[in-house]
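Descriptive structure summary
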Amino acid sequence: MTTIAAPRRDGSRAHAQLERYPIMRELPDEGTLTTQLLAPLWTSQPAWKWLFLASGALSLLFLFAMGVTFARGIGAWGNNIPVAWAYAITDFVWWIGIGHAGTFISAFLLLLHQRWRASINRLAEAMTLFALVNASLFPILHLGRPWFFYWLIPYPATTGVWPNFKSSLPWDVAAISTYFTVSLLFWYLGLVPDLAAARDRAPGRTRRRVYGVLALGWHGSGTEWRHYRVAYTLLAGLATPLVVSVHSIVSLDFSIAQLPGWHSTIFPPYFVVGAIYSGFAMVLMLMLPVRHVFRLHDVITRRHLDHIALLLLVTGSLLAYSYLCEAFGAWYSGDSFERYTMLTARTRGPYAAFFWIMTAVNVLTPQLFWWAKLRTNVVVLFLAGVAIWLAMWLERFVIIVASLNRDFLPSSWHLYAPTWVDWSLLVGSIGLFSFLFLAFLRWLPFVPVSEVKREQREIASESRDLDGVAPEVAR
Amino acid sequence: MSRRYDESDGTREFPPGVADPPAWVSRRDFLTLLGAGAALAAGACMRRPDKPILPYVQAPADVVPGMPLYYATAMPLDGYATGVLVRSDTGRPTKVEGNPDHPASLGASGALEQASLLELYDPHRTGAMRAGRRRTTWGAFKAGFAPPALSRRVGARGAGLRVLMPPTTSPLTASLLERLRETYPEARTYFYAPLESPARIEASRKALGTALVPQYDFRAADVVVALDADVLAAGPFNLRYAREWADRRRTEPSAQLHVVEPTPTPTGTLAARRLGATWSAIGPIAAALMDTLGHDARPTGHVAGASTASLAALTPEARAWVSAVAADLAAHAGHSIIVCGERQPAEVHVLTSAMNDALGNVGATVWYTPPAVLDDGGPAHDLAALAAELRSGAVDTLVILEGNPCYAAPADLELSRTVGAVHNTVYLGAYDDETARVSAWHLPAAHYLESWGDARAYDGTTSLIQPIIAPLHDGRTTDEVLAVLAGRPNDSAHDLLRDAWNRQRGPGARMDGESDWNDALRRGVVSGSASARSTPAIRADAVAQATAALAARGATRGQIEIGFVPGRAVHDGRFADNGWLQELPDPVTKLTWDNAALIAPAMAARLGVATNDVVTLRVGDRALDVPALVVPGHADGAVALAMGYGRQGAEAVARGVGVSANALRTSSAPHMASTVAVLPTGRRHELALAQTHWAIEGRGSSIVGEGVEGQRSAASSVPPRKRRPLTLYEPNPPSPDGFGADQWAMVIDLDVCTGCSACVVACQAENNIPVVGKDGVMKSREMHWLRIDRYIDGPPDDPRFETQPMLCQHCEKAPCEYVCPVNATVHSEDGLNEMVYNRCVGTRFCSNNCPYKVRRFNWFDYNAEIAETERMAKNPEVTIRARGVMEKCTFCVQRIRDAQMASRLAGDAVTRPVVTACQQSCPTHAIVFGSLTDAESEVSRQFGDPRSFSALEELGTVPRVRYLARRHDGDGTDGAGGRAR
Amino acid sequence: MHITCEVAALFSPRATTIARGVIIGGLTLLVFIPAVAMGWVRTPWARGEHHAVAQPVAFDHRVHVTGLRIDCRYCHADAERTASAGLPSTNKCVACHSRTWMSAAPMAPVRQSLETGRPIAWARVTQLPDFVYFDHAIHVGRGVGCETCHGRVDRMATAEQVVPLTMGWCLDCHRNPGPRLRPLTEITTMGYRRPTADTSGARLVAQGDHIRRLTDCTTCHR
């Protein structure tokens, strides 16, 4: 009874929330608003420089670790037989998972007319893009002979040999490159009007020229806006199925194998949910500091926090369900190897600690957000974001390493221990991400000015139509 | 460890970068990067610039580039010859195989024979002759050590001359020693090998009246009892014995093997009834066995009357074992063999002879021959005597002919010091080792593949040793040096051999001798040269004395014993610089690159030590720190320590690997010390175990098969459960017509596989498989295409041993194939799972998806910096794999394709038989290879055998490698033999 | 409107055209460069065809093959026996030349080799990568003529590669050998013309087929 009642009661509370938190606070006139939102482009934050340098250093470490790997071979890593995949693939899946939130927010929510997306989508898209940069590096880095990576691409070679389309890896290449291209276009298209705005307000001729070039001569004429809308919606339509397809295909890299712990039909949905989950966790991690530093409380209101928290709750619960199914499937299959891996090795094996940590964090943390207060508590949200962000890395590690290190023949069982190169690649990729993201914060309008203005206009007009009633209720 | 330094010296045994984690990017790394860039730019392989073609100036008669030739020769080990056939590719020996015509080989070749090839090409072999610090020449040596000059030093009668060499069976050496004795009557020759023991000869002198060694015919034995004897996998005739025992076991499933041993050996793992007992406990067990036989065996005067006292004194397990084995022996009197290990005291050997005699085996399965070794068990084999002479200062010139005695001698003789003190020491040796360091003169020794000479097998059969390649380092043979001392300085080994050959045949027989000579060279054996058999009566009094002596001694209770066992891979240290052998996992423990103190689980628990814990072994006032290795089935109260490790010579591979057991050995107790203190130190030393998990986790039935239970079960008694999985696809049947007539397959008989690992080294030699070093093994990056899995399950004091050679199973529905993104591993029409190195990009997905984990990855460029000589060892028919590609067993596809092309050119109807490298080397014929399309082929027949199963059958991979389940002869209930599952 | 004039102030009138050009050009290159690369590797230049390789001895196949009618297998004696066709030993050259041309200038390297006992370092004309296990014996023995892969050697002053030697090229024949085979009596014939309705190739294929198909990877790669 209560189980049924609970969500309803909570649902009503949610409505209450909506009333309390508007999408945007009272905003100044458009001119001032634009100036406000573009201000960060002209003024550098004091801490920014140091963060930027630090992340730059880490990126160099990334580069060096790559150099070592290329020069000496995969032997520089801790990988072995049976654990032939380890950190690099974990990092790859982790980053590409993170890369899902952006497109989900900008495309999915756009099509669903979730107007609250407006103020954060640029941020999320940038995150997606930079995560994808990392994600696309690892598979190539991971090859024994990376200089032949193009053999995975179908092209008419003089050898008369083609890729093996039965394997999921060539599809991986296709999926990721497509996703990257579409995300890039989507992100840039969204930027164009704001770049134009930046061009018009930039102090100094050089900057104005630079933004001018990037703005591709945007005038903001009615025709342009019409075309822009069409293109944007089209791209959204394109990107939406990709959100689902990409990580489904990535999940096939595991589920087409017959290795206990990989060989499971639930993987595609399970991975997509996990991806969006981790993505939103990182959105929180990035958005809250930005909101604080740049005083964006008017634009990124509690409404946004509340919604993202709710999304975490939903995806987190779905993920928990997947975990359950995975274990149940193994038990129900009656296959002794499956049972051993999922029920014995995972829970009591050498990597049990990781398994329990990731399960606890991923399943329990989102449950906090049944409570409305916590959904808008900045500190809780930030910590939850970080915790989930890390736990989702552990999840991939457990899936990959804890399955490989104990497979069918006990004679081939062996533990895995990362080397400093493995660690450098992981930390370095985080460094590269921060480097790109900080650059983005400094030099590009990270709040979509034009969209915010539009939302503002619409909300205003609506509230005029049915006066007195809070706009949200009108929806 | 001191080896860290040596590891990075760029030898193949320690590939660069394997030893130490990558530090800064070196110049070479940078070039590699450039190379990668170039490759990227070029896309595929570059054609120009190219190496020139160098034809012969004068083409040799029989050499055709690309057409290998096989030569027969023999490898001497501890004096005994094992016949081999050596493949020579345009003058380079590239593979050692067994010689079917040789009694010690019967076509098989062990790990040591196989690996002796790498020894030939070892870059650390001594390059130049040395006198003091200066380089010198053979001429200078001859000038200084031929009689006139030598006499001035050692006196006209040679009182000051001593020669020390390993035991030898060579007639040529014998004749040269004879000649030396004529020239210098007072000169003396000593023989020493750390593994040889006088006990057996001493026993035969007592019990049989003269020096004789036992010979066995396992083909006629239904029951074999081994008392501390690893008869199927060690010792001079082990290849023959394994072959004969397996043949008997195959044809007569009731043939049984019973073993009592202190530390598990391959022979023990095959035993129907295996008992773990300390070295000293084996004597009483033998006595009890004989007493019990007194009851059961047919009455003979020799056996001491029935007494049960000796039986009562034993532990319950031992009693159970003795009574069961005695019954079995009695039931097969005249068709049984009792073998006693070298290291057992003379008394046990006497009892063994007595029992064989009592059972009427002598004359049937057992007979005696004079020992082939020169002066076997005689005073010349007493190293202590030589040491005494050296200390007395009477010796002016000591000539050491191989054997590295300064390392191998027991510690109490302090040979390094005494030899160093000798005025004038000449050492003929392959390496700049411990002995070379204290010798004034150091002459490089020729490898047997570079030498002329001869040697006799354990049964006395003589073989000629002919060189396959000219000495790489101007090496000389023992005979050449002896000839110099004996006053024939200018005769080459070849001349000496021909001369001895002709003299042996007497004058006038030259022409005939010529044809004999060629025949002997071609076949590798001198026909009719085996020693005469004798079956002397046994002396009852000697038996009585032995029994009394044993009863008086009794088993040492309470104390811990230590036994010094031969290093299975490095033997007595001779092979310590051999990367193939150092990395060859021990058949039982899977230990590589180290030796360890093997102890029983119970004892480990009492001492509170675990594997990798360093313990101090204290024998008398000598102590040694050794890492412990806990081995189920090991006798409680016994420590086994392998010899041949802890070398301190200049050999980069050997040095610092393990510890030297010789530090604990004394001339009075060279093989076993009855009291050792084992003290935990609290330190740890990581052992490189090729397999870290011994338990089979209840998966036995799907991995090593059901086995066929039941006492004396016949092959067809219990048909195994067939687990042919459901599939939507038709099983692809061998199509006799049209393409792909051949369907290659392999069957491995677990019932006769000893796990001796000869196949592993054979595969490594045939397929150019690199060595990854200790660090690589600890990271689980071995490259062996064929490994031997060892499962030890059941009660730790009497466990069940399972042995399973594991190689690419060439699955008809291979999981590796469909996950490869670039089609680098695909299926051939004739049923091979092909691995195309030059297409592989190294995603390693195939390895993840391989349930057998038999695929290997080139983590580094293992062949980048190998020495020029080592390149010569490579098989030209097999690609040398680059960095970053996968590799695995190919079923020796190069041999298959050659056979097919040959048949095709000859227009044969069917492909000529193909023998894979592993199959060729296998002493027990456990590996059978062939085509399934030929219904008559052995492999087809065994595929249908009720014992045949495939590993992990339920996965539906449909392997082309099937196993024949082991027959378990215990009644399935009692622990003895550990048959209960 | 005021925006436009600002932009105008910022950029020259031609800016738009340039921008368009850059964008369109960039996209075209993206397609064009790989296309060109794929085309290039299919040209004779990329494969080193028709490029006369300088040899230490100015050996003229025309003289020996066309002029003197010496069979290929006299010098390349191992072609029928083993993987590599082999080059003649210095002695083999001298065997004929001891009387003729021995003292001539072009023979200097041969004389030198004979004196010093050092082999003549011939330059490779036809080279396959190390991971390709090509076997002359099986090809010659099963009806692949010398000419099929080495071209009209009888017309070459200096030997040169005349076929692509790409894997695709090898496969063309391995997939369907029949039409390219000739009677074993015609192996060394130069300029061989297959009589219409010649079935010898098909026959040879039929004979061989019971052994195995030729497109397995391990046919050439081990």
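These remarks concern the structure in this document.

The rules we used
Residues numbered from 1 in each chain as written. Chains lettered and ligands numbered in written order. Predicted model: local features only at pLDDT ≥ 70, side-chain atom pairs only at ≥ 80, totals over all residues. Heavy atoms only, no water. Helix = DSSP H or I, 4+ residues; strand = E, 2+ residues; numbered from the N terminus. Rg over C-alpha atoms; globule rule 2.2 N^0.38 Å. Buried < 20%, exposed > 50% of the residue type's maximum accessible area, 1.4 Å probe, protein only. Contact = heavy atoms within 4.5 Å. Areas by Shrake-Rupley, 256 points an atom, 1.4 Å probe, with all protein chains shown as cover. Expected span 1.5 Å × (residues − 1). Pairing = 2+ DSSP bridges. Salt bridge = Lys/Arg side-chain N within 4 Å of Asp/Glu carboxyl O. Polar contact = N/O pair within 3.5 Å; in protein donor to acceptor, adjacent residues only side chain to side chain. Nonpolar A, V, L, I, M, F, W, Y, C, P; charged D, E, K, R; others polar. Phe/Tyr/Trp six-rings, centres within 6.5 Å; stacked < 30°, edge-to-face > 60°. Lys NZ or Arg CZ within 6 Å of the ring centre and 35° of its normal. Axes fitted to C-alpha atoms, helices over the stretch in contact; angles between N-to-C directions. Core = buried A, V, L, I, M, F, W, Y, C linked by side-chain atoms within 4.5 Å.

Observations regarding the overall build of chain A
Summing up its helical and strand segments, chain A has 17 helices and zero strands in all. Over its C-alpha atoms chain A spans a radius of gyration of 24 Å, differing by no more than 12% from the 23 Å that the globule rule assigns to 475 residues. Along the first, second and third principal axes, the C-alpha set of chain A runs to 75 × 65 × 45 Å. Counting only residues that meet the buried cut, chain A has 58% of its 475 residues in that class. Taking contacts inside chain A between residues at least 6 apart in sequence as the whole, the part at least 24 apart equals 83%.

Some thoughts on the overall build of chain B
Along chain B, the regular secondary structure elements total 32 helices and 37 strands. Evaluated residue by residue, chain B yields a buried proportion of 65% over its 981 residues. Once local pairs closer than 6 in sequence are excluded, the contacts in chain B between residues at least 24 apart make up 75%. Accessible surface computed for chain B: about 32,200 Å², of which carbon and sulfur atoms make up 56%.

As for helix H3 (residues 46–72) of chain A
End to end, H3(A) covers 41 Å across 27 residues, agreeing with the expected 39 Å (1.5 Å per residue, within 8%). Gly73(A) lies just past H3(A) and shows a positive phi near 105°.

Thoughts on the side chain of Asn405(A)
Counting through the fold element by element, Asn405(A) comes out in the loop between helix H14 (378–404) and helix H15 (420–443). Residue Asn405(A) is classed as buried on the basis of its relative accessible area of 2%.

With respect to the sheet that holds strand S28 (residues 744–749) of chain B
Residues and elements named next belong to chain B. Read across the sheet, four strands follow the order S35-S28-S37-S36 without closing on themselves; strand pairing throughout is mixed. In the strand order of this sheet, the two ends are held by strand S35 (927–931) and strand S36 (948–949), each with one partner. Direction of pairing for S36 relative to strand S37 (residues 961–964): antiparallel, over a ladder of two bridges. Within S37, the position partnered with Ser948 by the bridge is Leu964.

Regarding the interface of chain A and chain B
Taken residue by residue, the interface counts 57 residues in chain A and 67 residues in chain B. Joining chain A to chain B, the criterion identifies one salt bridge. Summed over the shared surface of chain A and chain B, the result is 32 residue pairs in polar contact (both at pLDDT 80 or more). Secondary-structure elements contributing two or more residues to the side of chain A that touches chain B are H3, helix H6 (168–201), helix H11 (336–348) and H15 of chain A. Broken down by element, the side of chain A that touches chain B gets its largest block of residues, seven residues, from H3(A). Its residues assigned to classes, the side of chain A that touches chain B comprises 36 nonpolar, 16 polar and five charged.

As for the packing of aromatic side chains
Counted by the stated rule, this structure contains 71 aromatic pairs over all chains. With 5.1 Å between their ring centres and 90° between their planes, Tyr87(A) and Trp423(A) make a pair best called edge-to-face. Taken together, the residues Tyr87(A) in helix H4 (residues 87–111) and Trp423(A) in helix H15 connect sequence positions 336 residues apart. Residue Tyr87(A) is classed as buried on the basis of its relative accessible area, which comes to 5%. Measuring from ring centre to ring centre gives 5.9 Å for Tyr150(A) and Tyr155(A), while their planes differ by 55°; the resulting arrangement is tilted. Classification of Tyr150(A) by relative accessible area gives buried; the value is 18%. Pairwise contacts between aromatic rings join Trp85(A), Phe254(A), Trp262(A), Phe267(A), Tyr270(A), Phe271(A), Tyr323(A) and Phe845(B) into one cluster. A cation over a ring is seen here: Arg498(B) above Trp517(B), with NZ or CZ 4.3 Å from the ring centre.

Comments concerning the sheet that holds strand S12 (residues 336–340) of chain B
Residue and element names in this part refer to chain B. Across the sheet, which stays open at both edges, the four strands sit in the order S11-S10-S9-S12 with parallel pairing between neighbours. Where the open sheet ends on each side, the last strands, each with one partner, are strand S11 (273–276) and S12. The average angle at which neighbouring strand axes cross in this sheet is 10°, direction not considered.

Thoughts on the interface of chain B and chain C
Counting residues at the interface gives 47 residues for chain B and 47 residues for chain C. Here chain B and chain C share two salt bridges between them. The salt bridge involving Glu877(B) is made with Arg222(C); its shortest N-O contact spans 3.4 Å. Within the residue set of the side of chain B that touches chain C, elements represented by two or more residues are strand S31 (825–827) and helix H30 (893–906) of chain B. For the side of chain B that touches chain C, the element with the most residues is H30(B), which contributes nine residues. Its residues placed into classes, the side of chain B that touches chain C shows 22 nonpolar, 12 polar and 13 charged.

So, the pairing of strand S8 (residues 213–216) of chain B
All names here are of chain B. Burial of S8 is two-sided: the residues Val213 and Gln215 facing one way and the residues Pro214 and Tyr216 facing the other way are all buried. In this structure, S8 lies alongside strand S13 (residues 366–369), joined through four bridges in antiparallel fashion. Within S13, the residue paired with Pro214 across the bridge is Tyr368.

Topic: the nonpolar core
Trp262(A), Met287(A), Phe440(A) and Phe891(B) are the most contacted members of the largest nonpolar core, which totals 253 residues. Of all the elements, helix H9 (residues 267–293) of chain A adds the most residues to this core, at 17 residues. In this structure, Val225(B), Val325(B), Ala546(B) and Leu550(B) belong to the second largest nonpolar core, which totals 76 residues.

Examining helix H7 (residues 199–208) of chain B
Residues and elements named next belong to chain B. Across the 10 residues of H7, seven count as buried, placing the element largely inside the fold. What H7 keeps buried is the set Ala199, Arg200, Ile201, Ala203, Ser204, Ala207 and Leu208. For H7, the secondary structure elements touched by its buried residues are strand S2 (80–89), S8, helix H13 (346–358), S13 and helix H21 (540–553). Positive backbone phi, approximately 90°, marks Gly209, located one or two places after H7.

Examining the pairing of S28(B)
A large share of S28(B) lies buried, amounting to six of its six residues. In S28(B), alternate side chains face the same way, and those of Trp744(B), Met746(B) and Ile748(B) on one face and Ala745(B), Val747(B) and Asp749(B) on the other are all buried.

A closer look at unusual backbone geometry
Residue and element names in this part refer to chain A. In this model, Ile81 is joined to Pro82 through a cis peptide bond whose omega is 20°. One can find Pro82 in the loop between H3 and H4. A positive phi is found at Leu216, a non-glycine position, where the angle reads about 55°.

Digging into the environment of Val893(B)
Checked against the element boundaries, Val893(B) lands in helix H30. Overall, Val893(B) belongs to the buried group, its relative accessible area being 2%. In this structure the C-alpha to C-alpha distance between Val893(B) and Leu496(B), which are 397 residues apart in sequence, comes to 43 Å. Leaving out residues up to four positions away in the same chain, Val893(B) has contacts with Leu832(B), Thr218(C) and Arg222(C).

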